[in-house]
Protein chains: 2
Amino acid sequence: MKDMGATGQFAGAVDGAGLKTAIAPDVARIDQAMQADLAALKGDTAALLNEVLHYGLFNGGKRIRPLLTVLCFRLCGGGEGKSQVDIYRLAMAFEYLHCATLFHDDVIDQALTRRGRPAVNVAYGETAAILAGDFLHARSMLLVGRGGGIQALEIFCKATTAMVDGEFLQLHNASNYNLAEADYFTVIMGKTARLIGAACEIGALVAGADAAAQQALRNYGLHLGCAFQIIDDLLDYLGDEASTGKSVGNDFQEGKMTLPLIVAMTRAEDQDRERLLFMLASAEERKGGFAEACALIARYDGFVLARQKAAEMIASALAQLHSFDQAAVEQEMAVLEMLAHYVLSRNK
Amino acid sequence: MKDMGATGQFAGAVDGAGLKTAIAPDVARIDQAMQADLAALKGDTAALLNEVLHYGLFNGGKRIRPLLTVLCFRLCGGGEGKSQVDIYRLAMAFEYLHCATLFHDDVIDQALTRRGRPAVNVAYGETAAILAGDFLHARSMLLVGRGGGIQALEIFCKATTAMVDGEFLQLHNASNYNLAEADYFTVIMGKTARLIGAACEIGALVAGADAAAQQALRNYGLHLGCAFQIIDDLLDYLGDEASTGKSVGNDFQEGKMTLPLIVAMTRAEDQDRERLLFMLASAEERKGGFAEACALIARYDGFVLARQKAAEMIASALAQLHSFDQAAVEQEMAVLEMLAHYVLSRNK
């Protein structure tokens, strides 16, 4: 991590800019690995497929998942001098899988845009989006198997199937307006957190870390992932459309039960709960009633308590890092800590 | 293969009933392995996901791909006494992957039925079909990695990405009405043959076969797969709707260039080629002109020559089996030969 400057520069910083600077060299190498992979595939793949992959992969993504693999690898003593593993090549599998799920999600949601550009399904059609997702899916499994062996493949595939399972649970929970907090956490654990946990765990595994270290970093990732999703769901209510680039109120309009609403439903007095239920039961009420719903959720501290839950998750994530507190890896530690703080403070 | 009766019973037989009897015990064990896997997953997966998987996997499929893995495994000396591999558990990965592609294909084609039942996308919706496909995709990779190691995973993933690539080539070739035969073969090799080749190759690999035997069985599968697709495309023109359960003329109506039409376009005199081009260029003409197109294709022996090409492929497939001609594996040999003959003679 020689290009990253002194640790002091970003220790304690939680602003996006400081984090961005700190991770820039690794992000660049992850992007290079992906570019090199697509270039190597060029001879064997249809020109259109290669174009779709380029379009979908290089869309301004922050590369958080592969970055976590790289950081956890180094945190556990993996490094270019010590290991045969090309960690960037392995790590990019997480970006491939992540993008594959985005391609498919955007088909499912009939999304028009992704990061301010036409989504793959819009730019190239649904067929291309489904197939390119399948391609990245298979390619990611191959990269993980090659770079990390069967044990890494096992972790990776299980995180992938858990992701699908989380989506199915979410389908199942739809229009269950009395959803328990525990059900919400089961969904976000599968849908979001498991892959982030796997990114961390596999970084540790291929560095040769012991089981305790693998577990600690997996837990770091799981908690980080849960916090990330809670904040994401919170921004769907409270986000500033100008910074997020996304409109607010989508989840409520769709009748999707996320943490602020679940908390409010649980805590509300009968009359207010009835009112929320009444609104949720009708698509028209949901469409017109966002402001009123926000007021009701706020009345029962739904937003505050959801953010508090995310903060607890981040505290748990950070606690996992204590045992790695060594001078040799203080830069990696600093970035993992910054990432955790950033997830909590992000506004987009 | 003790349950299969004497070899003499089916040597030379090419009728579907004889083949069905011969493969029934292995097919039953493949189905059992899939049932057991879904049952084991039950605790960890959403009830709806499990239901969708059941519905999509147990739909009367012939299990040809996993069967090939099992047969090639035994042909190369793999057997329950000699090997730790649970070959059925590995083999079913090919059915998982195959079904995953069917789920996604049916979403892409907005298919209404599959094997006479509502397709998964109709019975459970597009979201469920896309996600369940992704689940099977990941699960298949895991089963191959576990059962066959990294080398098997490599073969499997490359066949999967080749399949996507074949679909993209097909997209690219759409409305190229002067498609060369070579381009057609590139598409069907990727789209259909590579996975069948991989099923055979991996069976050989995990049995511990040498490189030559792996290659021979891979080639058997590739040729079998190409012949299968040629006949499939032929049945789209000449099939009996009552036996196939599929309407004819779909490919022509969509302007899809398959072998009979390509052959005819290549051999037709100017006037007839112009006429075909004229029809192909207009959706309306394609819709109304199927009978005329059939007559033109027949005039230039498009159907006869396509079938001849499939027969050549089957001959090449069979030639690969010569080196395995040993008494100990004559039942496996017989089934592989019957399968090859059956592909050529099938009418549904």
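Undergrad: For the overall build of chain A, give the residues involved together with the corresponding values.
TA: For chain A, the helix and strand inventory stands at 16 helices and two strands. Against the compact-globule benchmark of 20 Å for 348 residues, chain A has a radius of gyration of 21 Å, which places it among compact chains. Scored against the burial criterion, the 348 residues of chain A give a buried share of 51%. Long-range pairs, those at least 24 residues apart, make up 73% of the contacts in chain A with a sequence separation of at least 6.

Undergrad: Tell me about the nonpolar core, and name the residues and values.
TA: In this structure, Ala132, Phe156 and Ala227 of chain A together with Ala132, Phe156 and Ala227 of chain B are the most contacted members of the largest nonpolar core, which totals 243 residues. Contact partners of Ala132 of chain A, with chain neighbours within four places excluded, come to Leu49, Val52, Leu53, Gly56, Phe103 and Val120 of chain A.

Undergrad: So what's going on with the environment of Thr192 of chain A? Which residues, and what values?
TA: With respect to the helices and strands, Thr192 of chain A occurs in helix α7 (residues 181-206). In contact with Thr192 of chain A, not counting residues within four places along its chain, are Gly225, Phe228 and Gln229 of chain A.

Undergrad: Account for the interface of chain B and chain A, with residues named and values stated.
TA: Each side of the interface is counted separately: chain B has 34 residues, and chain A has 34 residues. Of all the secondary-structure elements, those providing two or more residues to the side of chain B that touches chain A are α2 (47-57), α4 (87-108) and α6 (126-173) of chain B. It is α6 of chain B that provides the largest number of residues to the side of chain B that touches chain A, a total of 27 residues. Within the side of chain B that touches chain A, the residues separate by chemical class into 18 nonpolar, nine polar and seven charged.

Undergrad: Can you break down unusual backbone geometry residue by residue, with the values?
TA: Residues and elements named next belong to chain B. Its identity is not glycine, yet Arg115 carries a phi of approximately 50°, on the positive side. Relative to the helices and strands, Arg115 resides in the loop between β1 (113-114) and β2 (117-118). Phi at Asp301 is positive, roughly 60°, even though this residue is not glycine. Assignment of secondary structure puts Asp301 in the loop between α14 (290-299) and α15 (302-319).

Undergrad: Please provide a residue-by-residue account of the relation of the copies chain B and chain A, values included.
TA: Two copies of the chain are present, and they differ by a rotation about an axis and a shift along that axis. For the pair chain B and chain A, the best superposition has an RMSD of 0.0 Å and corresponds to a rotation of 180° with a translation of 0.0 Å parallel to the axis. Each copy turns onto its partner about a two-fold axis.

Undergrad: How would you summarise the environment of Leu305 of chain B if you had to cite specific residues and measurements?
TA: Residue and element names in this part refer to chain B. Tracing the backbone shows Leu305 in helix α15. According to the C-beta neighbour criterion, Leu305 is partly exposed, with 19 such atoms within 10 Å. Each C-alpha atom, one on Leu305 and one on Leu131, is 41 Å from the other, the two residues being 174 residues apart in sequence.

Undergrad: Residues and numbers for the confidence of the model for chain A, please.
TA: In low-pLDDT regions, the fine details of the predicted coordinates are not to be read closely. Residues and elements named next belong to chain A. Of all residues in chain A, 94% attain a pLDDT of 70 or more, and the chain-wide mean is 91. A low-confidence stretch, residues 1-13 stays under pLDDT 50, and its non-local contacts, those more than four residues away or across chains, total 16 contacts. Listed scores for the predicted complex are pTM 0.92 and ipTM 0.91.

Undergrad: Could you give an account of the packing of α7 of chain A against helix α8 (residues 211-238) of chain A, naming the residues involved and the relevant values?
TA: Residues and elements named next belong to chain A. One can describe the packing of α7 onto α8 by two numbers: an axis separation of 7 Å at closest approach and a directional angle of 145°. The way α7 lies across α8 gives a crossing that is right-handed. Its residues assigned to classes, the contact of α7 with α8 shows 16 nonpolar, seven polar and two charged.

Undergrad: Tell me about the packing of helix α8 (residues 211-238) of chain B against α15 of chain B, and name the residues and values.
TA: Packed helices, taken two at a time, are described by their axes: the angle between them and the distance between them. All names here are of chain B. Here α8 crosses α15 at 160°, and the two axes come no closer than 8 Å. Between α8 and α15, the angle is such that the two are roughly antiparallel. Relative to α15, α8 is oriented so that their crossing is left-handed. For the pair α8 and α15, contact is made by Tyr220, His223, Leu224, Cys226, Ala227, Ile230, Ile231, Leu234, Tyr237 and Leu238 and by Phe303, Ala306, Arg307, Lys309, Ala310, Met313, Ile314, Ser316 and Ala317, respectively. In terms of residue class, the contact of α8 with α15 is built from 15 nonpolar, two polar and two charged.

Undergrad: Go over α15 of chain B, please, and point to the residues and values.
TA: Residue and element names in this part refer to chain B. Given a rise of 1.5 Å per residue, 18 residues ought to cover 26 Å, and the 26 Å separating the end C-alpha atoms of α15 matches this to within 8%. Of the residues making up α15, those classed as buried are Gly302, Ala306, Lys309, Ala310, Met313, Ile314 and Ala317. Seen from one end, α15 has its buried residues packed into an arc of 140°, which puts them on one side.

Undergrad: Would you mind going over helix α16 (residues 330-345) of chain A in detail, with residue names and values included?
TA: For α16 of chain A, with 16 residues, the first-to-last C-alpha span of 22 Å sits near the 22 Å given by 1.5 Å per residue. Of all the residues in α16 of chain A, the buried ones are Gln331, Glu332, Met333, Ala334, Val335, Leu336, Met338, Leu339, Ala340, Tyr342 and Val343 of chain A.

Undergrad: A description of the environment of Met163 of chain A should follow, citing residues and the corresponding values.
TA: All names here are of chain A. As for its placement among the helices and strands, Met163 is situated in helix α6 (residues 126-173). Taking the number of C-beta atoms within 10 Å as the measure of exposure, Met163 has 23 and is therefore buried. Separated by 28 residues in the primary sequence, Met163 and Lys191 place their C-alpha atoms 4.4 Å from one another. In contact with Met163, not counting residues within four places along its chain, are Thr101, Gly190, Lys191, Arg194 and Leu195.

Rules behind the numbers
- Each residue is numbered by its place in its chain's sequence as written, counting from 1.
- A letter from A marks each chain and a number from 1 marks each ligand, given out in the order of writing.
- Per-residue local features are limited, in this predicted model, to residues with pLDDT of at least 70; the limit for side-chain atom pairs, both in listing and counting, is 80 or more; totals at the level of whole chains, interfaces and linings are taken over all residues.
- Runs of E in the DSSP output that reach at least two residues are strands. Runs of H or I that reach at least four are helices, and both are numbered from the N terminus.
- For this measure, only C-alpha atoms enter the radius of gyration; the expected value for a globule follows 2.2 Å times N^0.38, where N is the number of residues.
- To sort residues by exposure, count the other C-beta atoms lying within 10 Å of each residue's C-beta; 20 or more gives buried, 12 or fewer gives exposed, and values between give partly exposed, all with C-beta atoms placed from the backbone.
- This entry defines residue contacts through backbone-placed C-beta atoms, with two residues in contact when those atoms are within 7 Å.
- The nonpolar core criterion groups buried Ala, Val, Leu, Ile, Met, Phe, Trp, Tyr and Cys residues into a set whenever they are joined through C-beta atoms within 7 Å.
- Asp, Glu, Lys and Arg are counted as charged, while Ala, Val, Leu, Ile, Met, Phe, Trp, Tyr, Cys and Pro are counted as nonpolar; the rest, among them Gly, fall into the polar class.
- A residue counts toward the fit only if its pLDDT is at least 70 in both copies, and the copies are then superposed by least squares on the C-alpha atoms of those residues.
- Each residue carries a pLDDT value, the predictor's own confidence for that position, ranging from 0 to 100.
- Angles shown run from 0 to 180 degrees and are taken between the N-to-C directions of axes, each axis being a line fitted to C-alpha atoms and, for helices, limited to the stretch in contact.
- Handedness of a crossing is defined here by the sense of rotation of the near helix relative to the far one, left-handed for an anticlockwise turn of less than a right angle and right-handed for a clockwise turn.
- For classification purposes, an angle smaller than 35 degrees is called roughly parallel, one larger than 145 roughly antiparallel, one from 65 to 115 roughly perpendicular, and anything else oblique.
- To estimate how far a helix should extend, the number of its residues minus one is multiplied by 1.5 Å.
- Comment: arc refers to directions from the helix axis out to C-beta atoms.

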